[in-house]
Amino acid sequence: MIKKIPIEALKPGMEVVQVPGELWQHLPYLYTDPGIIESEAEVARLLELGYREVFVTTEEPDGLSDEAHLDRLISGSQVNREKPVRTPFDQAISSAMVTYEDAMVHAMQIVQDAKLGRKMDYATSFKTASSIVESAVSNPDTLVCLAKLSEFDDYTYTHCINVAAISVVFGEFIGMTREELILLGVAGMMHDLGKTTVPARIINKPGPLTGPERDEVRRHPGYGCDILRRNGDIPDRVLKAVMHHHERYNGSGYPGGLSRKGIPAFARILCLADVYDALTSDRCYKNAILPNKALGIMYGMRDQDFDPTEVQLFIKCLGIFPAGSFVRLNTGQYALVFETNSREPLNPKIRIIMDEEMKPIHTRDVDLTAQPKGAGAIEILECADPSVYRKNLMNYLTRN
């Protein structure tokens, strides 16, 4: 498993895990160069350079895979309500696609309005968030799929909509009301508007930031609130979510250094969705990491950055293999996860789409919980890299 520890807890022989550089926005003092720590002197040097935390691998005595270990850890994390009736994926995906594309157009508009100092159309934002909520209630896996497989050119817009969609999906999972979900969706769409004030050379910088650059990035929640306050009609819960979506469970976040339940609920949800989407999204200077590995990293941030119960529920909501994951099977074939199972996270519904040589085949859907156990049962071995096939994978969301 992966765990985040303080730099001073590093010992010679520990292995530093390679994590995406994108995490600097969320963990500005994170050391990310992978490899084995050779000596105490190396630890002292990292402390002198100002690094405060690092991800390392930890040995699991039972020899379980990361996925199996996560499954065991979250097995007791139940949301105590009846499982809602969902619209079947194949019936819900078409309307979800329309909702997602309309939301993307609106995201482009609100970002441009922010850049030009114009008043944003809150009524349309409310309507757009309402449509996202309807899709989440109908079938949340459609939105999670689209957040990972849709191809849009500008990360600024896709990130806003993905955070809104994933936040709403999680909010619906834990039982929020529709009114709360709509405001949460609005907050997700607007959470990073403050970055329109930060120079693009800083936002898109692939290497480490200087101290002044890091300080400027940390001001973006305040910038975003200033933009929204000038609008005059943005609800206070949205403003607080935007202001505090970079706060951390242990008080190490910004801008207020809030901790635990002192962080507004909307902000805690946005934080989870924000980090997940940042980890699993392609950028101009880095490739996305696989969804199951991203969830493993986030679980390693429990008790520090995230409330341990909340991050377990977030993983349970998305599944060990989230919807939209491209996976390799024990048969050698490849499949697309299209529907998760919160009661059995290792056994989602899959659409088998490629043979052992990654050549397209006639698709076949399999519910991994419904098949006979024992010899011949299909199992997911691992997530596969979807980058080469991403554009084609979208085509498999609708049956052929």
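Treat the numbers as computed from the prediction; the structure is a model and nothing was measured. (Residues numbered from 1 in each chain as written. Predicted model: local features only at pLDDT ≥ 70, side-chain atom pairs only at ≥ 80, totals over all residues. Heavy atoms only, no water.)

Trainee: Any chance you could explain the overall build of the protein here in plain terms?
Mentor: A tally of regular secondary structure across the protein gives 15 helices and 10 strands. Counting across all 400 residues of the protein, residues that qualify as buried make up 55%. Looking at the protein alone, contacts between residues at least 24 apart form 67% of all its contacts between residues at least 6 apart. When the accessible surface of the protein is totalled, it reaches about 17,100 Å², and 50% of it is carbon and sulfur. (Helix = DSSP H or I, 4+ residues; strand = E, 2+ residues; numbered from the N terminus. Buried < 20%, exposed > 50% of the residue type's maximum accessible area, 1.4 Å probe, protein only. Contact = heavy atoms within 4.5 Å. Areas by Shrake-Rupley, 256 points an atom, 1.4 Å probe, with all protein chains shown as cover.)

Trainee: What is the right way to read the environment of D305 from this model?
Mentor: Turning to its location among the elements, D305 is positioned in the loop between α13 (291–299) and α14 (308–318). Looking at D305, the relative accessible area reads 3%, which means it is buried. Setting aside residues up to four positions removed in sequence, D305 forms contacts with K4, L27, R248 and Y249. Here the side chain of D305 touches R248 through a polar contact of 3.5 Å, side chain to side chain. (Polar contact = N/O pair within 3.5 Å; in protein donor to acceptor, adjacent residues only side chain to side chain.)

Trainee: When you look at the side chain of D307 in this model, what are you seeing that I'm missing?
Mentor: For D307, the location among the structural elements is in the loop between α13 and α14. Side chain to side chain, D307 and K261 meet in a polar contact 3.1 Å long. Among all residues touching D307, those that are not within four sequence positions of it are Y249 and K261.

Trainee: I'm lost on the packing of helix α7 (residues 178–190) against helix α11 (residues 236–244) in this one. Help?
Mentor: Describing two packed helices takes the angle between their axes plus the distance from one axis to the other. Two elements in contact, α7 and α11, have axes separated by 9 Å at closest approach and are oriented at 45°. By the criterion of interaxial angle, the relationship of α7 to α11 is oblique. For α7 against α11, the interelement crossing comes out right-handed. Of α11, the residues touching α7 (which contributes E180, L183, V186, A187 and M190) are R237, V238, A241 and V242. Across the contact of α7 with α11, the residue classes break down as 7 nonpolar, no polar and 2 charged. (Axes fitted to C-alpha atoms, helices over the stretch in contact; angles between N-to-C directions. Parallel < 35°, antiparallel > 145°, perpendicular 65-115°, else oblique. Left-handed = near helix turned anticlockwise from the far one by under 90°. Nonpolar A, V, L, I, M, F, W, Y, C, P; charged D, E, K, R; others polar.)

Trainee: It is not clear to me how the pattern of salt bridges should be interpreted in this structure. Could you clarify?
Mentor: Side chains that differ in sign of charge can pair as their charged atoms come close. Counted according to the given criterion, the structure contains 21 salt bridges. Of the charged contacts, one joins K4 and E53 as a salt bridge, the two residues approaching to 2.9 Å between their closest N and O atoms. Of this pair, K4 sits in strand β1 (residues 2–6) while E53 sits in strand β5 (residues 53–57), and the two are 49 residues apart along the sequence. Take K4 and E53: they sit in the same class, and that class is buried. Its salt-bridge partner being K195, residue D192 comes within 3.3 Å of it at the nearest N-O pair. (Salt bridge = Lys/Arg side-chain N within 4 Å of Asp/Glu carboxyl O.)

Trainee: What is the right way to look at the pairing of strand β8 (residues 349–354) in this model?
Mentor: Remember that side chains alternate between the two faces of the sheet whenever the strand is regular. Extensive coverage of β8 is indicated by the burial of 5 of its 6 residues. Note: strand β7 (residues 334–339) against β8, 5 bridges, orientation antiparallel. Considered in β8, the bridge of V337 is made with I350. (Pairing = 2+ DSSP bridges.)

Trainee: Any chance you could explain the packing of helix α5 (residues 140–149) against helix α6 (residues 155–173) here in plain terms?
Mentor: In the contact formed by α5 and α6, the axes pass within 9 Å of each other and the chain directions differ by 150°. As summarised for this structure, α5 and α6 are arranged roughly antiparallel, according to the angle between their axes. For the crossing formed where α5 meets α6, the hand is left-handed. Of the residues in α6, those touching α5 at P140, L143, V144 and A147 are N162, A165, I166 and V169.

Trainee: Would you explain α11 in this entry?
Mentor: Looking at α11, one finds that the buried residues are V238, L239, A241, V242, M243 and H244. Close packing links the buried residues of α11 with α7, α10 (220–231) and α12 (265–279).

Trainee: Hey, could you run me through the nonpolar core in this one?
Mentor: Generally speaking, a soluble globular protein has its nonpolar side chains buried in company with each other. Formed by 106 residues in total, the largest nonpolar core has its most connected members in F55, M298, F314, I350 and L397. With 11 residues, helix α3 (residues 89–116) is the single largest residue contributor to this core. Apart from the residues within four sequence positions on either side, L397 is in contact with F89, D90, I93, M97, C145, L146, L149, L336 and R351. (Core = buried A, V, L, I, M, F, W, Y, C linked by side-chain atoms within 4.5 Å.)

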